[in-house]
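What follows is each chain in one-letter form.
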Amino acid sequence: MTTELTAPHPAAPAVAGHRWRWIALAVILTAEVMDLLDVLVTNLAGPAIRADLGGSPTVIQWIGAGYTLAMAVGLVTGGRLGDLYGRRRMFLIGVLGFTAASAACALAGSPGTLIAARVAQGLLGALLLPQGLGLIKEMFPPEQLAAAFGAFGPVMGISAVGGPILAGWLVDADLAGTGWRAIFLINVPLGLLAALGAARFLPASRPGHATRLDLPGVALLSVAVFLVVHPLVQGRELGWPLWSFAMLAGAVVVLAVFARYEQRRQRAGRDPLVVPALFRRRAFTGGLVAGLAFFTALAGFSLVFSLYLQLGLGWSPLRAGLAGVPQALGMVAAFVLAGAGLAQRLGRRLIHLGLAVVLAGVAGMLLTLTLAGADVTPWRMTPALLAVGFGMGLVMAPFFDIVLSGVEEAETGSASGTLTAVQQLGGALGVALLGTVFFDGLTDSVSHAVRVTLLAELGLLLVTVAGAFLLPRRAREGAGGGH
């Protein structure tokens, strides 16, 4: 799920206005909704998927991590492909491919097939989603850009609230015997509608100047990320064999090779995947640390909360989806409040305020589950969930703009693309790391598993608090794009 709209590539200058720009915006929003739903609903449907297809508990983790991992390593390249070959063309390829991959997910007959289809979804989503910002800047005159980007908030908010409820209902309803497969099948009409709309209403912009692809850099980064996530997911199940630690150590080596390669590429006059100078900027490195810890905590909380309700308390997917509504509502309310001027007035203080609220919410959830045990009800969890969602929204609203204020204007494209990839990587690590903590705790009891996981969640949030102190005090005047 991408929650910020900064460009991973140079933006095209705005024109007087594309004739069909508002309908085209609806097409772009449809693609964004497909991505958001595919992150939210698989967390909720994981237990049902495993019950049908079989496999170990790691299947649930790979269903989520495979998607976000593939998207993380493909986002920057996806944006550059739009610059090289035309954004409408890449949007069409991405949306049709994403639709086909969704159908493959729905038809999967084994865990391995489903995970492979999820990876394909992530790669095609990485091709599809970056085109939206460039297209909007092409289609809308400057005075309408704020209104265009402002449409993302309500649409994403409605999707965040309604997505889990829809997923729970689809799984429970078992329409025509489809069960969990319906959560992927719903993408087929949405994707075809988006493709038809794109072919008819998106502008056929000519490819412009763009930097060439850094495919060796992408390959090195992909290997490094895989070497981290794979042992975190599989190591617990296999008793943490020696190879799991060797892979983690190997990830450090590959990252060092990647850094050296990027430096050599830049010295040779070619554009690197990530500008090495960014890592010498305190704001950017602080943003990476804080962002990785925060988005790991965010994704992990969502997965573990759903697993606890279904595996621990025996709730149906629909009831579990309804129980998570307060968190989504809190997040939407925070975005509205931040967008009303709070982010500009408070700057970095809003991030720390939001983190304090999230910490209180997670601590409240820990206390509620400890005291209530198996007698916990949705209403008893509501205050803590509202606080978690509201605090997370306060953190996310100004985060990207504030981090980008600490880099030079010429570095913004590389920095924003890297931050967006880190957001997705955090999603994969959250599923891998906190999911592993949860399943490891199950050897004792479900209540023990969720308590240990929430303690790990608190630790990640404290890392975020520390990293946030390295950020600039406020966003650059006139900065925009974080949503």
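Numbering of residues begins from 1 in every chain and follows the order in which that chain's sequence is written. A pLDDT threshold of at least 70 governs which residues receive local features in this predicted model, and a stricter bar of 80 or more applies before side-chain atom pairs are shown or counted, although totals over entire chains, interfaces and linings include all residues. The side-chain numbers reported here are obtained from all heavy atoms of the structure, hydrogens and water having been left aside.

K.L.:
So what's going on with the overall build of the chain? Residues and values would help.
P.N.:
Only DSSP runs of H or I with at least four residues qualify as helices, and only runs of E with at least two residues qualify as strands; both kinds are numbered from the N terminus onward. Looking only at helices and strands, the chain has 18 helices and zero strands in total. Expected size for 483 residues packed as a compact globule is a radius of gyration near 23 Å; at 21 Å, the chain falls within 12% of this value. The buried label goes to any residue with under 20% of its type's maximum accessible area, the exposed label to any with over 50%, and the partly exposed label to all in between, with areas taken from a 1.4 Å probe on protein chains only. The proportion of buried residues among the 483 residues of the chain is 59%. In this description, contact between two residues means that some pair of their heavy atoms is separated by no more than 4.5 Å. When contacts within the chain are restricted to residue pairs at least 6 apart in sequence, long-range pairs at least 24 apart make up 84% of them. Method for areas: the Shrake-Rupley scheme with a 1.4 Å probe, in which residue coverage is limited to the protein chains shown. Put simply, the chain shows about 18700 Å² of open surface, and 68% of that area lies on carbon and sulfur atoms. We take the radius of gyration over the C-alpha atoms and set the globule estimate at 2.2 Å times the residue count to the 0.38 power.

K.L.:
How would you sum up unusual backbone geometry? Please name residues and give values.
P.N.:
Positive phi values are uncommon outside glycine, yet Ala176 reaches one of about 50°. Relative to the assigned elements, Ala176 resides in the loop between helix 7 (152-173) and helix 8 (182-185). Unlike most non-glycine residues, Trp240 shows phi in positive territory, near 50°. Structurally, the position occupied by Trp240 is in the loop between helix 10 (215-234) and helix 11 (242-267). A relative accessible area of 33% places Trp240 in the partly exposed class.

K.L.:
Provide a residue-level description of the nonpolar core, including the pertinent values.
P.N.:
Here, nonpolar core refers to any group of buried Ala, Val, Leu, Ile, Met, Phe, Trp, Tyr and Cys residues whose side-chain atoms link them within 4.5 Å. With 99 residues, the main nonpolar core has Leu114, Val229 and Met381 as its most contacted residues. Among the elements that make up this core, the one with the highest residue count is helix 12 (residues 282-312) (14 residues). Leaving out residues up to four positions away in the same chain, Val229 has contacts with Trp62, Ala65, Leu69, Leu429 and Ala432. Leu25, Met139, Phe149 and Ala195 belong to the second largest nonpolar core, which has 23 residues in total.

K.L.:
So what about a nonpolar patch on the surface? Which residues, and what values?
P.N.:
Taken together, Leu166, Trp169 and Leu175 make up a surface patch of nonpolar side chains, about 270 Å² in accessible area. Residue classification places Leu175 among the partly exposed residues on the basis of a relative accessible area of 38%. Only residues whose relative accessible area exceeds 30% and that take part in no salt bridge are eligible for patches, with like-charged residues grouped when within 9 Å of each other and nonpolar side chains (Val, Leu, Ile, Met, Phe, Trp, Tyr) grouped when within 5 Å. Only one rule defines a salt bridge in this text: a Lys or Arg side-chain nitrogen within 4 Å of an Asp or Glu carboxyl oxygen.

K.L.:
Go over helix 16 (residues 378-404) with me, naming the residues and quoting the values.
P.N.:
For the α-helix, the turn length of 3.6 residues means that residues three or four positions removed from each other point alike. In this scheme, a helix's expected span is set at 1.5 Å multiplied by one less than its residue total. With 27 residues, helix 16 extends 39 Å between its outermost C-alpha atoms, agreeing within 8% with the 39 Å of an ideal straight helix rising 1.5 Å per residue. Along helix 16, the helix axis deviates most sharply at Pro398, where the bend reaches about 35°. Counting buried positions over the 27 residues of helix 16 gives 21, a clear majority of the element. In this scheme, the bend at a residue equals the angle between the axes fitted to the seven residues that finish there and the seven that begin there.

K.L.:
Describe the environment of Phe438, naming the residues involved and giving the relevant values.
P.N.:
With respect to the helices, strands and loops of the structure, Phe438 is situated in helix 17 (residues 412-441). You can call Phe438 buried: its relative accessible area is 0%. Considering only alpha carbons, one finds Phe438 and Gly239, 199 residues apart in sequence, at a separation of 15 Å. Apart from the residues within four sequence positions on either side, Phe438 is in contact with Val304, Leu307, Tyr308, Ala449, Val450 and Thr453.

K.L.:
Hey, could you go over the environment of Gln266 for me, with residue numbers and the actual values?
P.N.:
Assignment of secondary structure puts Gln266 in helix 11. A residue is classified by how much of its surface remains accessible, and Gln266, at 36% relative accessible area, is partly exposed. Taking the C-alpha atoms as reference points, Gln266 and Pro276, separated by 10 residues in sequence, lie 8.1 Å from one another. Not counting chain neighbours up to four residues away, the residues in contact with Gln266 comprise Pro272, Val275 and Pro276.

K.L.:
So what about helix 10? Which residues, and what values?
P.N.:
An ideal rise of 1.5 Å per residue puts 28 Å on 20 residues; helix 10 measures up with 28 Å between its terminal C-alpha atoms. The complete set of buried residues in helix 10 reads Gly217, Val218, Ala224, Val225, Leu227, Val229, Pro231, Leu232, Val233 and Gln234.

K.L.:
Describe the packing of aromatic side chains, and please don't skip the residues or the numbers.
P.N.:
Two measures describe an aromatic ring pair: the distance that separates the ring centres and the angle between the ring planes. Here the aromatic set is Phe, Tyr and Trp, taking the six-membered ring for Trp, and pairing holds for ring centres within 6.5 Å; pairs whose planes are under 30 degrees apart are stacked, those over 60 apart are edge-to-face, and all others are tilted. Tallying each qualifying case throughout the model produces 12 aromatic pairs. Centre to centre, the rings of Trp20 and Phe201 are 5.5 Å apart; their planes meet at 65°, and the pair counts as edge-to-face. Of this pair, Trp20 sits in the segment before helix 1 (21-53) while Phe201 is found in helix 9 (residues 187-201), placing the two residues 181 residues apart along the sequence. Trp20 sits in the partly exposed class, given a relative accessible area of 26%.

K.L.:
Can you break down the environment of Ala31 residue by residue, with the values?
P.N.:
Mapped onto the elements, Ala31 comes out in helix 1. With relative accessibility at 3%, the residue Ala31 sits in the buried group. Apart from the residues within four sequence positions on either side, Ala31 is in contact with Phe91, Leu128 and Leu129.

K.L.:
Let's hear about the confidence of the model for the chain: which residues, and what values?
P.N.:
Per-residue pLDDT for the chain has a mean of 84; in total, 91% of the residues score no lower than 70. Between residues 4-15, whose pLDDT stays under 50, and residues either more than four places distant or in other chains, the model counts 52 contacts. Per-residue confidence from the prediction method is given by pLDDT, with values spanning 0 to 100.

K.L.:
Describe the packing of helix 12 against helix 16, with residues and values.
P.N.:
A pair of packed helices can be characterised by two numbers: the angle between their axes and the separation between those axes. Interaxial distance between helix 12 and helix 16 falls to 11 Å at its minimum, and their mutual angle equals 155°. In terms of axis orientation, helix 12 runs roughly antiparallel to helix 16. Here helix 12 runs over helix 16; the crossing is left-handed. Taken together, the residues of helix 16 that come into contact with helix 12 (itself represented by Ala283, Phe284, Gly287, Ala290, Gly291, Phe294, Phe295, Leu298, Phe301, Phe305 and Leu309) are Met381, Leu385, Val388, Met392, Val395, Met396, Phe399, Phe400 and Val403. Charged residues are taken to be Asp, Glu, Lys and Arg, nonpolar residues to be Ala, Val, Leu, Ile, Met, Phe, Trp, Tyr, Cys and Pro, and polar residues to be all remaining types, Gly included. Looking at side-chain class alone, the contact of helix 12 with helix 16 contains 18 nonpolar, two polar and no charged residues. For helices, the axis comes from a line fit to the C-alpha atoms of the stretch in contact; other axes are also lines fit to C-alpha atoms, and the angle between any two N-to-C directions lies between 0 and 180 degrees. Each angle gets one of four labels, with under 35 degrees taken as roughly parallel, over 145 as roughly antiparallel, 65 to 115 as roughly perpendicular, and the rest as oblique. A clockwise turn of the near helix away from the far one marks a right-handed crossing, whereas an anticlockwise turn of less than a right angle marks a left-handed crossing.

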